[in-house]
Amino acid sequence: MRKSPHSGVVRGIAWSVLLWLASLPALAEQALVAHAGAGVEQLSLNTTRLMFSMQLERWPDGNAVRVFVLPDNHPVHRDFSKDRLKLYPRQLRRVWDRQLYSGTGQAPETVADEAAMRKAVAETPGAIGYLSREMIDDTVRELQIDR
Amino acid sequence: MTQSVNCRLTARLGRAVAGAGLVLALCTRVPVAMAVDWGDDFQVHGFATQGFVETTDNRFFGDSDDGSFNFTELGINVSYRATPSLLLAGQLLSRSAGDMYDGSPTVDFAVADWTVSSDQESGYGIKLGRIKNPLGFYNETRDVAFTRPSIFLPQVIYFDAVRNLLLSSDGAHVYGRYSTDFGTWSFDVGAGITRLDENVEFTFLGNDFNGELEPRGLSPVARIAFETPDAAWRFALSGASTTMKFDNEPGDPIGGGEVDILYGVASAQYTAERWSLTAEYMQQPVEYDGFGPLLDGRDRTIEGYYLQGSYMLRNDLELIARYSAGFGDRTDRDGSESSAATFGTIPRHVFYQKDWMLGLRWDVTPSFMLRAEYQWNDGTGTLSRRENPSLSTTVRNWEMFSLLGSYRF
């Protein structure tokens, strides 16, 4: 059987598509960010969850925690909840609502988009939030989540 | 004839427009209030809910057999984190619900919550004030439509006819949580003075007599819960006990006496990405003492349970189905003995209720939600006696259609 003269091109395209597919998860990855003055480099998954569910009000150094989130239907919020916190957005919402409407907690501050998130986290001491990787710059500190 | 039909239609249309107008007015005014900068530690939230109920027979939340808009919930919620350890929070609630509640504003809760210690392994604290009772999965936030699984909570456990009996109490609670590798345990234990109203009198004494039904002593309440680390499984056991004292007055056909009530709920829930299953089971032993022959023989254990499933068709669209059943006396589930005790004047179906519900929730935006539900009922056990004074004429098999719109900020 004769080899098609276009097979090189086809292979090239196939490889490009594969590489592009492989790069997607990395592009889509969300990271935990905090105010540049946060005194830690990493948080345990449990601590991170407790902070985002508004049940841990202080950083290990004693400062008040300020939680920022994107709207429930924002794709970055959905991905961060599911992939990093391992919670569905509606589970987080359930905890916030239960606490808020029974007088045992406050709601996190909701910001409109990632630019507003970066600005709020950069300017608020004690802030914690999340951003997609390409949005992270040196105005905020990226924190690792320990398993 | 035609004219009277027209009048009725016009009246209903008028109520519909008034209801929609109310929701719209709130929707448009609320963002103005939000624009005020209250500072980082001070938060104001609120909600506005309007419902519509239409039943084939019987009355549920107003004149539902003609279609009723008499279901409105308005709440304003303020909280102030004075220090990371001290939270002050309160909520004002106006609730119109048929003949049962007229919408007069009440202090739903007013709590000072002091976190004594909190870290990633454990935490505990103390609450003082008017506290919502931690019963079942839904009691604490039962009037916030966004937190309910359906337009109405399953009535066989969360009775609207006697909601105040278990709603909240003025007192003190101790709470805590403890994390293990398998999940998080939490508890909430307290005691306080129960808030009663005439709806409780109607339900437990059968009428609103001249004398007053009052709470006697402190009512204890407790919940212990367990949740797996991924929050997929949740389990809870909760209970409360309360004693009510009735001082009879001239003209009352019953003597003065006491009603002892114990209320216990076992709850379980599984949440997956797109679906969830919830089940709760409740028993409530009721004891009468000192009232004389009319009531003292009516000691019984009320029972109720439901199984509910939900499935998210889209991220903003949820389908819900539920079966629930409740019995006025768990040893007499078909109501035959209870009915015989009234010499058949009250039919059997008044002493139980079994129903199927199918509903749809649409989250139009994260802060605006619409719901539509249909319910098929056998029995009238959860209906308010106040709304249906003549129990013998209630219709055994009845259906209910309801709509709800809710906005929050």
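Here, residues in each chain are numbered from 1, in the same order as that chain's written sequence. Chain letters start at A and ligand numbers start at 1, both assigned in the order the entries are written. With the structure being a predicted model, the display of local features is reserved for residues of pLDDT at least 70 and the display and counting of side-chain atom pairs for 80 or more, all residues being used for whole-chain, interface and lining totals.

A few points about the overall build of chain B
Note the cut-off: Segments assigned H or I by DSSP are reported as helices when at least four residues long, segments assigned E as strands when at least two residues long, and all are numbered from the N terminus. Throughout, radius of gyration means the C-alpha value; the globule benchmark is 2.2 Å times the number of residues raised to the power 0.38. Exposure classification rests on a simple neighbour count of other C-beta atoms within 10 Å of a residue's own: a residue reaching 20 or more is buried, one at 12 or fewer is exposed, and one in between is partly exposed. C-beta atoms are placed from the backbone. Two residues qualify as being in contact provided that their C-beta atoms, derived from the backbone, are within 7 Å of each other.
Scanning chain B from terminus to terminus reveals 5 helices and 18 strands. Computed over the C-alpha atoms, the radius of gyration of chain B is 22 Å, within 12% of the 22 Å expected from 2.2 N^0.38 for a compact globule of 409 residues. With respect to the principal axes defined by its C-alpha atoms, chain B has extents near 60 × 55 × 40 Å. Looking at chain B as a whole, 40% of its 409 residues are labelled buried. Considering only contacts within chain B whose residues lie at least 6 apart along the sequence, 58% involve residues at least 24 apart.

Side note on the overall build of chain A
Along chain A, the regular secondary structure elements total 5 helices and 6 strands. Each helix (α) and strand (β) of chain A, taken in turn from the N terminus, gives the series α-β-β-α-β-α-α-β-α-β-β. Nonlocal contacts in chain A, meaning residues at least 24 apart in sequence, comprise 66% of its contacts between residues at least 6 apart.

Remarks on the interface of chain A and chain B
Rules: Only Asp, Glu, Lys and Arg are considered charged in this grouping, and only Ala, Val, Leu, Ile, Met, Phe, Trp, Tyr, Cys and Pro are considered nonpolar; every other residue, Gly among them, is considered polar.
Of the residues lining the interface, 24 residues belong to chain A; the matching set on chain B comes to 28 residues. When residues of the side of chain A that touches chain B are traced back to their parent elements, those giving at least two are helix 2 (45–52) and helix 4 (89–100) of chain A. Element by element, the count of residues in the side of chain A that touches chain B is highest for helix 4 of chain A, at 4 residues. Within the side of chain A that touches chain B, the residues separate by chemical class into 9 nonpolar, 9 polar and 6 charged.

Observations concerning the sheet that holds strand 2 (residues 42–44) of chain A
Residue and element names in this part refer to chain A. Rules: We treat two strands as partners when DSSP finds at least two bridges between them. For every element, the axis is a line fit to its C-alpha atoms; helices are fit only across the contacting stretch, and the angle between N-to-C directions ranges from 0 to 180 degrees.
Taken in spatial order, the 6 strands of this open sheet run 2-6-1-5-3-4, and their pairing is mixed. At either end of the open sheet lies a strand with only one pairing partner, and these are strand 2 and strand 4 (109–110). Summarising the sheet, strand 1 (residues 30–35) and strand 6 (residues 140–146) pair through 4 bridges and their orientation is antiparallel. The residue bridging Leu32 from the neighbouring strand is Leu143, located in strand 6. Packed onto the sheet, helix 2 meets strand 1, strand 2, strand 3 (66–69), strand 5 (127–132) and strand 6 and runs at close to 85° relative to strand 2. Set on the sheet, helix 5 (residues 114–123) makes contact with strand 1, strand 3, strand 5 and strand 6; between it and strand 5 the angle comes to about 145°.

Some points on unusual backbone geometry
All names here are of chain B. Positive phi values are uncommon outside glycine, yet Asn58 reaches one of about 65°. Within the fold, Asn58 resides in the loop between strand 1 (42–55) and strand 2 (71–83). According to the C-beta neighbour criterion, Asn58 is partly exposed, with 19 such atoms within 10 Å. Positive phi, normally seen in glycine, also occurs at Phe61, with a value near 60°. Here Phe61 shows up in the loop between strand 1 and strand 2. Overall, Phe61 belongs to the buried group, with 26 C-beta atoms counted inside 10 Å.

A short note on the confidence of the model for chain B
Residues and elements named next belong to chain B. How we decide: Summary of the metric used: pLDDT quantifies the predictor's per-residue confidence within the range 0 to 100.
For chain B, the average pLDDT comes to 88, and 90% of its residues sit at 70 or higher. Averaged over each element, pLDDT in chain B is lowest for helix 1 (residues 2–34) (44) and highest for strand 15 (residues 317–327) (98). Within the model, pLDDT remains below 50 along residues 1–38, and this stretch shows 18 contacts once partners closer than five positions in the same chain are excluded. Taken together, the chains of this predicted complex give a pTM of 0.85 and an interface ipTM of 0.84.

Overview of the environment of A:Leu131
Mapping A:Leu131 onto the fold places it in strand 5. Residues within four places of A:Leu131 in sequence aside, it is in contact with A:Gln30, A:Ala31, A:Val33, A:Glu114, A:Met117, A:Arg118 and A:Ile136.

A closer look at the nonpolar core
For soluble globular proteins, the rule of thumb is that nonpolar side chains tend to be buried together. Definition in use: By convention in this section, buried Ala, Val, Leu, Ile, Met, Phe, Trp, Tyr and Cys residues joined through C-beta atoms within 7 Å make up a nonpolar core.
Core analysis: the biggest nonpolar cluster contains 71 residues, and A:Val33, A:Ala34, A:Met51, A:Val67 and A:Val121 have the highest contact counts within it. Residues within four places of A:Met51 in sequence aside, it is in contact with A:Leu56, A:Val65, A:Val67 and A:Ile128. B:Phe52, B:Phe61, B:Met100 and B:Tyr101 belong to the second largest nonpolar core, which has 12 residues in total.

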